[in-house]
Amino acid sequence: MRNIWIIARRDLRAQFNSPVAYVVIGGTLFLVGVLVFLIPHVGNAFMGNFWELDRATMDQMFLYLPPLMCLFVVPAVTMRAIAAEKGSGTLELLITMPVRDSDVILGKFFACLAVVLILLAATLLYPIAMFVWPWHLGPLDWPTVWAGYLGCLLFSSAAVAVGMMLSSLTESDVIAFFMTSATLSILYAIGWMASIIPGGLGDVVEFLSFQTRYQSFARGLIDTRAVIYFLSIATVCILVSFRSLESRKWS
Amino acid sequence: MSNDVMIYANDLSKSFGSFRALDKINFEVKRGEIVGFLGPNGAGKSTTMRILTCFISPTSGTARVNGHDVFDAPLQVRESLGYLPQRAPLYLEMSVLEYLRFAAELRHLPADTFRKRAKSVVEVCGLAQVLGREIRHLSHGYRQRVGLAQALIHDPPILILDEPTSDLDPNEKAEFLDYLKQIGQERTVMLSTHNLAEVEASCARAIIVSSGRIVADGPLDEIRAKSGRVRYVVSVQESPGTASYRGRGEPPKKSEVETALGAVGGVKKLGDLPTDERAHAFELVSDREVDLRPDVFRLAADKGWVLLELHRDAQTLEDVFRSLTIGDERRNRHVGPESDAGDDEQDGAGDDDADESPRGASRDRHEKTASDRS
């Protein structure tokens, strides 16, 4: 346990020692702000911005956060987790300390998750600014917001685990970035396709999609199936990265 | 006695795909020994060290470090050793002090022990000036020192150092080797290198590996004696130049000296050495037991020659190393792509080339001897 904490703390500090974490958090806040407050209703692509909707709700924010996470937040945060350490050889020094392989994987997982959590915490600025201080635009339904955040948390645990797994399979952080970005985007985007794919395949796609699982949270609904789904994805991916780290012994 | 064996390897083998990196390696290292692990690039030095530090697992065979098996108790194995991997891969964004603290925390050192150890380690490794600097701003020599400090921070009974001196300058190297001798008295140190002078300076024992096999293991003197040949260099004045000739009669002709020397008992081989026109120089090779020097002196005195030089070279470790490993090297060069299977050792190729140039001559000699014998 203690080793996990030490490794996680070091990794988190390393994230904030490099510009990546700042760019990711700042960039995401900026993009969310633009998407939620400035982009007007255009055809079917955008559901209308915060002002056009004219309701006391943060729905738009919870609509735009997951795609941004898939596209670049999670890939950027997890790309260096294992890939870069493998590439530069620091992994060898870390692993030959008296630590278990699982300590290393979990420590890195929690460090990456922490960066995402810091980002999520930062997005709280928007509902607070709109509905608490300095503006009071109406009575916000906070439980819905918290459900949305719980959804984001579960969603990002799964996404970070996927990113970790892909990072553990390669030695290059660039490859890890693009693989993670592509994988997560596909997992998210197949939700849109589910409705146009007929029959059983459509059901399978809908079952796999991050988007359909996440949507209930965005509406304020805590769906246990979705909770279990995201936690299972996270567990499986962590186990795979653990095995992949262990496989160095036998290659 | 058995608890005096700190590192024990029994029939260790490691294959990477079809490439056999290690082939049934057996050795033991006792407490207080400093062992030099030698071998050409790709011979399996790093692989062995990685197995001993439980970074990779052997394909077959067993290894025990400080009494703990590398399969069953990797954590205890790692606790009892300090390891410096090749090229000292450190976290570049951390400062030296942060890094040392991180290493100490992972080894569960209490804070006050860390302060005490850090003080001595920083002094020993000469890091006081750079403690607050980020590692990315340090030269390779300093990074290597940080790597060493990290390996020493918990005062381990066993040190495994993979090419610890490759990036140090000559002064640092000498200092480091001195220090190694000092700490090696109650500790077990295993260091790999392809710099043979270092082994001669710091290690009493060497293990030479080549193509995954141990080709020599023992005290340096024994290894040297193994090849069993001694070389003498004799030069006789050919022309006095402007000074007057101090020998008897006329200076001798080259052929005259050559036949006379060849007739001396015990000479196995006679070779011509390049010189200026003032001297004839020859190289004699004999068995170790016979000392040729009295006979050569007698010969020169009887003939009235002016003997400019007469000395005996015990075969240097370098020569032994080359003769033990040269076959593999040549094979590697011919086969080509096969050699990149030992990729973890390829990085050091640059250093090796630098070492190689002054040995060009001695290699030719060996090839000659080889053909002579056959």
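See above for the structure.
In this report, the structure presented in the accompanying data block is examined. All figures in this text were calculated on a predicted structure; none of them were measured in a lab.

Here we take up the overall build of chain A. The secondary structure content of chain A amounts to 13 helices and zero strands. What you see in chain A, going N to C, is helices and strands ordered as α-α-α-α-α-α-α-α-α-α-α-α-α. Rg of the C-alpha trace for chain A: 19 Å, near the compact-globule value of 18 Å for 251 residues, within the 12% margin. Principal-axis analysis of the C-alpha atoms gives chain A an extent of 60 × 50 × 30 Å. Within chain A, the fraction of its 251 residues that count as buried is 42%.

Residue and element names in this part refer to chain B. Burial analysis of strand β8 (residues 188–193) places six of its six residues in the buried class, the great majority of the element. Bridging between strand β3 (residues 34–38) and β8 involves five bridges; their strand directions are parallel. Bridge pairing in β8 places G36 opposite L191. In the sheet, strand β7 (residues 158–162) pairs with β8 via five bridges, with the strands oriented parallel. Bridging across to β8, D162 finds its partner in S192.

The buried count for helix α1 (residues 45–52) of chain B comes to eight of eight residues, which makes it a mostly enclosed element. Just past α1(B), the residue C54(B) takes up positive phi, approximately 60°.

Let us now look at the sheet that holds strand β6 (residues 81–84) of chain B. All names here are of chain B. Read across the open sheet, the six strands follow the order β6-β7-β8-β3-β9-β10; overall the sheet is mixed. The open sheet has two free edges, formed respectively by β6 and β10 (213–219), since each of these has just one partner strand. Neighbour to neighbour, the strand axes of the sheet diverge by 15° on average, direction disregarded. Judged from the four bridges that link them, β3 and strand β9 (residues 205–210) form a sheet pairing that is parallel. The residue bridging F37 from the neighbouring strand is I207, located in β9. Packing of α1 onto the sheet brings it into contact with β3, β7, β8 and β9, and relative to β7 it is tilted by some 145°.

All names here are of chain A. Inspection of the secondary structure assignment puts G87 in helix α5 (residues 83–88). The partly exposed category is assigned to G87, around which 16 C-beta atoms lie within 10 Å. Distance from G87 to T28, taken between C-alpha atoms, is 28 Å for residues 59 residues apart in sequence. Dropping the residues within four chain positions of it, G87 is found in contact with E171 and S172.

Residues and elements named next belong to chain B. One open sheet accounts for four strands, arranged β2-β1-β4-β5; its pairing is antiparallel. In this open sheet, the two strands that pair with only one neighbour each are β2 (19–30) and β5 (68–69). Judged from the eight bridges that link them, strand β1 (residues 5–16) and β2 form a sheet pairing that is antiparallel. Across the sheet, residue Y8 finds its bridge partner in β2, namely E28.

This next bit is on the interface of chain A and chain B. Contacts between chain A and chain B engage 20 residues on the former and 21 residues on the latter. Of all the elements in the fold, those that place two or more residues in the side of chain A that touches chain B are α1 (2–17) and α6 (90–95) of chain A. Among the elements that make up the side of chain A that touches chain B, the one with the highest residue count is α1(A) (five residues). Across the side of chain A that touches chain B, the residue classes tally to eight nonpolar, eight polar and four charged.

The next subject is the nonpolar core. The biggest cluster of nonpolar side chains holds 148 residues, and the ones touching the most others in it are C112(A), A161(A), M164(A), Y99(B) and A149(B). Element by element, the count of residues in this core is highest for helix α9 (residues 142–168) of chain A, at 13 residues. Filtering out sequence-adjacent residues up to four positions away, A149(B) remains in contact with L100(B), V121(B), V122(B), C125(B) and L127(B).

The next thing to look at is α1(A). If you check α1(A), its first and last C-alpha atoms are 22 Å apart, about what 16 residues at 1.5 Å a residue would give, namely 22 Å. Inspection of α1(A) places N3(A), I4(A), I7(A), A8(A), R10(A), D11(A), L12(A) and Q15(A) among the buried residues, and these make up the whole buried set. For α1(A), the secondary structure elements touched by its buried residues are α2 (19–37) and α7 (101–123) of chain A together with α3 (96–106) of chain B.

Cut-offs used in this document
Residues numbered from 1 in each chain as written. Chains lettered and ligands numbered in written order. Predicted model: local features only at pLDDT ≥ 70, side-chain atom pairs only at ≥ 80, totals over all residues. Helix = DSSP H or I, 4+ residues; strand = E, 2+ residues; numbered from the N terminus. Rg over C-alpha atoms; globule rule 2.2 N^0.38 Å. Buried ≥ 20, exposed ≤ 12 C-beta atoms within 10 Å, placed from the backbone. Pairing = 2+ DSSP bridges. Axes fitted to C-alpha atoms, helices over the stretch in contact; angles between N-to-C directions. Contact = placed C-beta atoms within 7 Å. Nonpolar A, V, L, I, M, F, W, Y, C, P; charged D, E, K, R; others polar. Core = buried A, V, L, I, M, F, W, Y, C linked by C-beta atoms within 7 Å. Expected span 1.5 Å × (residues − 1).

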